[in-house]
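Descriptive structure summary
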Amino acid sequence: MRTDVHLLSMAHPGDVSALDALIRSGAICAARIVAVIGKTEGNGGVNDFTRAYFTQSLMHLLARHLGDEPARLAARIPCILSGGTEGVLSPHYVVFCRDQATGDDDGEGGALALGLAFSEATPTERIGRASHARQVADAVRAAMRDAGIERTSDVHFVQVKTPCITVARAEEARARGVEPVTGDPNRAMAYARAAGALGVALALGEIDDDVLSDAALLRDMHLHSDRASVSSGVEIAGNEVIVLGNSPRCNGPYRIAHRPMRDALDIHAVVDVLAELGLQASPQIDGASLQRIAGVFVKCEPQRQGRVRASRHTMLDDTDINAQRHVRGAVGGLVAGVIGDGRIFVSGGAEHQGPDGGGLVAVIANTARDD
């Protein structure tokens, strides 16, 4: 298999004109599009409808080109979006296309491989609990099989979208005689992200099943995945999983690498992941190297004890601006300064995703030699 990657800008949350132009020109075959990951300019919260707006626009565009129903396309093409483009972050989306490759396998290191999986709808009372994490783990394993990735060490980034609990969903569950993990929608998003992250950790062997319990979620922060990126939203009912890694069974010019970020100032993680892909930042990568980058994905989280290294931060004390918006803007600026581009997927809410107060950075780049 071969996976190709296209980084596209958007003028507003419903703008898919860049993709439409590429399809019309023949640069992208609509039938080969298998997944989309992007950033929209909403608030990133429960009521962020920019995610659903973009998804609706995307599926209607693909429906016109493919002659299919938007709902049927949405059921097989994950469109995983994170709201919030604070600071220098720029609204954008990354389109993944997959096709049968020609030629031999790419050798020992392999090339970018992508796998997809969808779980059944998650009952409201299971969202944010250990059973939810195990459901995600099953989906991650299925996505690895779809990608043709056999070794968990070859997985570098797992994007998960989980459902969250709205007030209406919580009341519906109570009417059935069951209690959700919480009735607070914002707290529910955190629990859902935590379950998704620990599900990834379980599937990749980063934690053992016997340590996974309801009590561990949002409490035992030593349990985490260095490769999980989890978002939660009202626009879905089940879990959507995209696994990205490198496989010797794939070919093509793209590869992916990742590093955990130990805190919000860990610029070395960004520099090191670029170096693994043959891109040097000194202190910022040059224009030619920037053209090789097809996607940058970051997770981040304010440190829970209110410190960044030796200094106090106030992100968690600000009642005017949500802490996730603070940290997205801060980490987004740090990473964009190294990359030289604001089209970076920076998602807050990194519960159990990387070290506490840190997160992860993953980069997809064209590593084919010009000669």
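The following refers to the structure shown. Nothing here was measured: the structure is a model prediction, and the numbers come from that model.

Re empty space enclosed by the protein
One water molecule sets the probe size; rolling that probe over the atoms shows where empty space is left. Here the structure, examined in full by the defined rule, presents 2 cavities of 30 Å³ or more. Approximately 40 Å³ is the volume attributed to the largest cavity. Surrounding the largest cavity, Leu7, Leu290, Ile293, Gly295, Val296, Ile339, Asp341 and Arg343 form its lining. Top element by residues in the lining of the largest cavity is strand E10 (residues 293-300). It accounts for 3 residues. Split into classes, the residues belonging to the lining of the largest cavity amount to 5 nonpolar, 1 polar and 2 charged. Size it by volume and the second largest cavity reaches roughly 30 Å³.

As for the nonpolar core
Within the largest apolar cluster, 38 residues are counted, with the highest numbers of intra-cluster contacts made by Val140, Val158, Val200, Val241 and Val243. Counting only elements with at least two residues in this core, the list comes to strand E5 (111-121), helix H4 (130-147), strand E6 (155-163), helix H6 (185-203), strand E7 (228-233) and strand E8 (238-247). In this structure valine 241 touches Gly115, Leu116, Ala117, Ala139, Val140, Ala143, Val158, Gln159 and Val160, once residues within four positions along its chain are discounted. In terms of nonpolar packing, the next biggest core, distinct from the first, is built from 30 residues, Leu89, Leu279, Ile285 and Val298 among them.

As for the side chain of aspartate 341
Tracing the sequence through the fold places aspartate 341 in the loop between helix H9 (323-339) and strand E13 (345-347). Polar contacts involving the side chain of aspartate 341 include one to the main-chain amide nitrogen of arginine 343, which spans 2.9 Å. In this structure, aspartate 341 is in contact with Leu290 and Ala336, ignoring residues within four places of it in sequence.

A closer look at the layout of surface pockets
Empty space within the largest pocket amounts to approximately 710 Å³. Among the elements of the structure, strand E3 (79-83), H6, E7 and H9 are those that each provide at least two residues to the lining of the largest pocket. A total of 5 residues in the lining of the largest pocket trace back to one element, the largest contributor, which is H6. Forming the boundary of the second largest pocket are 14 residues, of which Ala74, Ala75, Glu235, Ile236 and Glu240 lie nearest the centre. Every element with two or more residues in the lining of the second largest pocket is listed here: helix H2 (50-66) and E5. Here the lining of the second largest pocket takes 4 residues from H2, the largest share from any one element. Grouping the amino acids of the lining of the second largest pocket by side-chain chemistry returns 8 nonpolar, 3 polar and 3 charged.

Digging into H6
For H6, built from 19 residues, the straight-helix expectation of 27 Å at 1.5 Å per residue is met to within 8% by its first-to-last C-alpha distance of 27 Å. Among the 19 residues that make up H6, 17 are buried, leaving the element largely enclosed by the rest of the structure. N-capping of H6 is provided by aspartate 184, with a side-chain oxygen placed 3.0 Å from the backbone N of asparagine 186. Directly beyond the C-terminal end of H6, a positive phi value near 75° is found at glycine 205.

Here's the deal with unusual backbone geometry
Of note, the bond from serine 282 into proline 283 is cis; its omega dihedral lies within 30 degrees of zero at -5°. Counting through the fold element by element, proline 283 comes out in the loop between helix H7 (267-276) and helix H8 (287-290). Notably, leucine 218 is not glycine yet its phi reads approximately 65°, a positive angle. Counting through the fold element by element, leucine 218 comes out in the loop between H6 and E7. With relative accessibility at 15%, the residue leucine 218 sits in the buried group.

Things to note about the packing of aromatic side chains
Counted under the stated rule, the structure contains 3 aromatic pairs. Three or more aromatic residues joined by ring pairs make a cluster, and in this case those are Phe157, Phe297 and Phe345.

Digging into the packing of H7 against H9
Running from N to C, H7 and H9 point in directions that differ by 35°, and their axes come no closer than 10 Å. Of the two elements, H7 crosses H9, and the hand of that crossing is right-handed. On the side of H7, the interface is formed by Ile267, Val270, Val271 and Leu274, while H9 contributes Leu334, Val335, Val338 and Ile339. Along the lines of polarity and charge, the residues of the contact of H7 with H9 split into 8 nonpolar, no polar and no charged.

Describing the sheet that holds E6
Pairing in this open sheet of 4 strands is mixed, and the strands run E5-E8-E6-E7 from one edge to the other. Looking at strand neighbours, the two that pair on one side only are E5 and E7, the edges of this open sheet. Sheet twist, expressed as the average angle between the axes of neighbouring strands with direction ignored, equals 15°. Note that E6 and E7 share 6 bridges and pair parallel. In the strand pairing of E7, lysine 161 is matched with serine 231.

Definitions and limits used
- Residues numbered from 1 in each chain as written.
- Predicted model: local features only at pLDDT ≥ 70, side-chain atom pairs only at ≥ 80, totals over all residues.
- Heavy atoms only, no water.
- 1 Å grid on protein atoms, 1.4 Å probe; cavity = no way out; pocket = protein on both sides within 12 Å on 5 of 7 lines; lining within 4 Å.
- Points joined across faces, edges and corners; volume = space filled by probe spheres on them.
- Helix = DSSP H or I, 4+ residues; strand = E, 2+ residues; numbered from the N terminus.
- Nonpolar A, V, L, I, M, F, W, Y, C, P; charged D, E, K, R; others polar.
- Core = buried A, V, L, I, M, F, W, Y, C linked by side-chain atoms within 4.5 Å.
- Buried < 20%, exposed > 50% of the residue type's maximum accessible area, 1.4 Å probe, protein only.
- Contact = heavy atoms within 4.5 Å.
- Polar contact = N/O pair within 3.5 Å; in protein donor to acceptor, adjacent residues only side chain to side chain.
- Expected span 1.5 Å × (residues − 1).
- Phe/Tyr/Trp six-rings, centres within 6.5 Å; stacked < 30°, edge-to-face > 60°.
- Axes fitted to C-alpha atoms, helices over the stretch in contact; angles between N-to-C directions.
- Left-handed = near helix turned anticlockwise from the far one by under 90°.
- Pairing = 2+ DSSP bridges.

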